Amino acid sequence: MNGVVWNVRGMNKPFKQGKMCKYLKKFNIVFAALLETMMKEMNFAAGIARVAKGWTIANNYVEADNGRIWILWQQNHVNVTIIETNVQVIHCFLADRIGGQLVAEAETRAFQHTIDSLNLVDMKATGRFFTWNNGHKLKLCKEPLKQLMHGEMRSIDNKVKETRDILQHVQSLLTMQIDNTFLELEKPILRDINKWLALQEKILKQKSKAYLIAEGDGNNNYFFFYMKARASVNNIDVLKDDNGNLLRQHKDIERAFLQFYINLLGSAAESIPGVDMNKMRNGTSLSISQQQDLTREITDTEIKGALF
């Protein structure tokens, strides 16, 4: 008899239901216990039909709103008797027998002989009665972890902003006056801003990684689709030249780009003509007042008027 016990971490997505159905068929599974299914009872009938159509099913929807446990079996291969059902466990008895008869004592004699010859005995169980949980304790940790995350992240964001403001102020002083005092003051501020930015980047990367894991859990097709999408964005398949012709060959596209930048930037000249000083002297020149205007100090009002 082939059986499986599996913490599936949700069975709501159709792709997971399809993959579970293929798995059961591929490995000739006749008994399956699926934990943490997290499917509402109103969606159960449609969901189980995609997973194990025609199988006999037991669940704990009566005891748990989300019915986290499904017991599935093929009745023509295995007999299952449900003994107890509660929020965290379904206790059942299995009888593996084609034709529906119970396993005879003689069929387990070789196994018992092996246990006896190796002097194996059952050890008393220690620790928690249940070897898995339904997430209640994790829910208790959710709020403190959320507060810690928001608090620490907000603190780092504030540190980055404060340090950047100080750096901009010091650098603005340096633009007006080059002073060794300001230069020495700038160095530790640069170290601080780099430290806070690096820490901020690590946190954001970790959050991004968690998102990708959640999106891609059991769904490698998502990653391949994302890779193909990035490749298509970064690739130029068709280009229209100045004459309106569509270029599809890689060499033609490369040649068109090269020609565009040659026309834009020009080519190297063998000689550059000099300035005709006679024409410069006989041309229009600035008056004394105009020359003074060029060297006078520009006011903040003039800068704001030009920009805004």
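None of the values given here were measured: they were computed from a predicted structure.

*Asks:* Talk me through the packing of helix H1 (residues 14-26) against helix H2 (residues 44-51); I want residue IDs and the actual numbers.
*Replies:* Remark: H1 packs on H2, axes separated minimally by 7 Å, with the N-to-C direction vectors making an angle of 40°. One finds that H1 runs oblique with respect to H2. In contact with Gln17, Met20, Cys21 and Leu24 of H1, H2 contributes Gly47, Arg50 and Val51. Of the residues assigned to the contact of H1 with H2, the class counts are 4 nonpolar, 2 polar and 1 charged.

*Asks:* Could you give an account of the sheet that holds strand S2 (residues 31-35), with specific residues and numbers?
*Replies:* Taken in spatial order, the 4 strands make up an open sheet running S1-S2-S4-S3, and their pairing is mixed. A strand with exactly one partner marks an edge of an open sheet, and here the two such strands are strand S1 (3-7) and strand S3 (56-59). Taking each pair of neighbouring strands and ignoring which way they run, the sheet shows an average axis angle of 10°. Where S2 lies against strand S4 (residues 70-73), 4 bridges are found, and the strand directions are antiparallel.

*Asks:* Help me get a handle on the pattern of salt bridges, residues and values and all.
*Replies:* Scanning the entire structure with this criterion turns up 6 salt bridges. For Asp252, the salt bridge identified is with Arg255, shortest N-O distance 2.9 Å. Pair noted here: Asp252 and Arg255 are both in helix H7 (residues 250-265), with a separation of 3 residues, about one helical turn. The partner of Arg296 in a salt bridge is Asp293, with the nearest N and O atoms 3.9 Å apart. Residue classification places Asp293 among the partly exposed positions, given a relative accessible area of 48%.

*Asks:* If you had to explain the nonpolar core to someone new, which residues and values would you point to?
*Replies:* Leu24, Val51, Trp70 and Leu72 are the most contacted members of the largest nonpolar core, which has 17 residues in total. Counting residues per element, the ones that place at least two in this core are H1, S2, H2 and S4. The element best represented in this core is H2, accounting for 3 residues. For Trp70, the residues in contact, after removing those within four places along its chain, are Met11, Ala32, Ala33, Leu34, Thr37, Met39, Phe44, Ile48, Ala58, Asn59 and Tyr61. Counting 11 residues, the second-largest nonpolar core is a separate cluster that includes Leu35, Val78, Val80 and Cys92.

*Asks:* Provide a residue-level description of the environment of Glu41, including the pertinent values.
*Replies:* Among the structural elements, Glu41 can be located in the loop between S2 and H2. On a C-alpha basis, the gap between Glu41 and Tyr61 in space is 6.7 Å, while along the polypeptide they are 20 residues apart.

Criteria and cut-off values
Here the residue numbers are simple positions, counted from 1 along each chain's written sequence. Owing to the predicted nature of the model, reporting of local features is limited to residues with pLDDT of at least 70; listing and counting of side-chain atom pairs is limited to 80 or more, with chain, interface and lining totals taken over all residues. By convention in this description, side-chain values take in all heavy atoms of the structure and omit both hydrogens and water. Angles run from 0 to 180 degrees between N-to-C directions of axes, and those axes are lines fitted to C-alpha atoms, restricted for helices to the stretch in contact. Going along the chain from the N terminus, every DSSP run of H or I of four or more residues is numbered as a helix, and every run of E of two or more is numbered as a strand. Roughly parallel here means an angle under 35 degrees, roughly antiparallel means over 145, roughly perpendicular means 65 to 115, and every remaining angle is called oblique. When checking whether two residues touch, look at their non-hydrogen atoms; a contact exists if any pair is within 4.5 Å. Three classes are used: nonpolar for Ala, Val, Leu, Ile, Met, Phe, Trp, Tyr, Cys and Pro, charged for Asp, Glu, Lys and Arg, and polar for all others, with Gly counted as polar. Following DSSP output, two strands are said to pair if at least two bridges run between them. For this analysis, a salt bridge means a side-chain nitrogen from Lys or Arg found within 4 Å of a carboxyl oxygen belonging to Asp or Glu. Only protein chains enter the calculation, and the probe is 1.4 Å; a residue is then buried if its accessible area is under 20% of its type maximum, exposed if over 50%, and partly exposed in between. We call a set of buried residues a nonpolar core when its members are Ala, Val, Leu, Ile, Met, Phe, Trp, Tyr or Cys and they connect through side-chain atoms within 4.5 Å of each other.

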